[in-house]
Amino acid sequence: DIQMTQSPSSVSASVGDRVTITCRASQDISSWLAWYQQKPGKAPRLLIYAASTLQSGIPSRFSGSGSGADFTLTISSLQPEDSATYYCQQANTFPSTFGPGTKVHIK
Amino acid sequence: VQLVESGGGLVKPGGSLRLSCAVSGFTFSDYYMSWIRQAPGKGLEWVSYISGGGDVMYNADSVKGRFTISRDNAKNSLYLQMNGLRAEDTAVYYCARGYPFLILWGQGTLVSVSS
């Protein structure tokens, strides 16, 4: 199975800050990557798929980039409602696998 | 658009449960569907998926031979039959539309396996 890693495991930032989360795959997955946001007690929500395509209804402050094995999720101006755990998911090879998550806290 | 899971609960090791996911708001038979689980305080693990027509299905190795995914397109419903349950199967189980990208998710149903 393809292993996914994320860094950092947690980040604390202020409202308005730019936040960047990195995801790395154990092998080339082209652009077959998605990002999800999960708030406590809630189901995950798809933010970005195909590495950089914003899902409908997601605010434009979220963006994704990368290809191959290295990917980035950027929140351009952190908002209070962005406090959550963010997961990457590789969709290139069966079985699809998720990263361990990055917790984003608001200072 | 709505996905609503049901059927979770407390079961003893070796026992069985059948989860259901009732879908509304889209043409169910047009879409692959998936089950994903999340152990308490842990990350996400994809469990199983099934094609729109129900002819293609795959399970994760961790549940192979024990769990069976199925669907009834006439009833707009997705199912997960879970046999031989183990303590490590304890998790919130989510149904989701799509594979591999999981576009829409249900609210989840908790399965607890304990003696």
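## Details of the interface of chain B and chain A
Each side of the interface is counted separately: chain B has 18 residues, and chain A has 19 residues. Contact with chain A buries area across many residues of chain B, yet Leu44, Phe101 and Trp105 of chain B alone supply 40% of it, more than any other trio. Where chain B touches chain A, the interface holds 0 salt bridges. Across the contact surface, chain B and chain A share 7 residue pairs in polar contact (both at pLDDT 80 or more). Residue assignment for the side of chain B that touches chain A shows that the elements contributing at least two residues are strand S4 (33-38), strand S5 (44-50) and strand S6 (57-59) of chain B. Here the side of chain B that touches chain A gets 4 residues from one element, more than from any other, and that element is S5 of chain B. Taken together, the residues of the side of chain B that touches chain A break down into 12 nonpolar, 4 polar and 2 charged.

## Considering the pairing of strand S1 (residues 2-6) of chain B
Residue and element names in this part refer to chain B. Here S1 shows one buried face, formed by Leu3 and Glu5, and one open face, formed by Gln2, Val4 and Ser6. As paired elements, S1 and strand S3 (residues 17-24) share 5 bridges and run antiparallel to each other. By the bridge assignment, Ser6 is partnered in S3 with Ser20.

## Points about the environment of Leu104 of chain B
Residues and elements named next belong to chain B. In this fold, Leu104 is placed in strand S10 (residues 104-105). When the C-alpha atoms of Leu104 and Asn73 are compared, they prove to be 18 Å apart, with 31 residues separating the residues in sequence. What Leu104 contacts, discounting residues up to four positions off in sequence, is Val1, Leu3, Cys95, Ala96 and Arg97.

About the cut-offs
- Residues numbered from 1 in each chain as written.
- Chains lettered and ligands numbered in written order.
- Predicted model: local features only at pLDDT ≥ 70, side-chain atom pairs only at ≥ 80, totals over all residues.
- Heavy atoms only, no water.
- Contact = heavy atoms within 4.5 Å.
- Buried area = accessible area lost by both parts, 1.4 Å probe.
- Salt bridge = Lys/Arg side-chain N within 4 Å of Asp/Glu carboxyl O.
- Polar contact = N/O pair within 3.5 Å; in protein donor to acceptor, adjacent residues only side chain to side chain.
- Helix = DSSP H or I, 4+ residues; strand = E, 2+ residues; numbered from the N terminus.
- Nonpolar A, V, L, I, M, F, W, Y, C, P; charged D, E, K, R; others polar.
- Buried < 20%, exposed > 50% of the residue type's maximum accessible area, 1.4 Å probe, protein only.
- Pairing = 2+ DSSP bridges.

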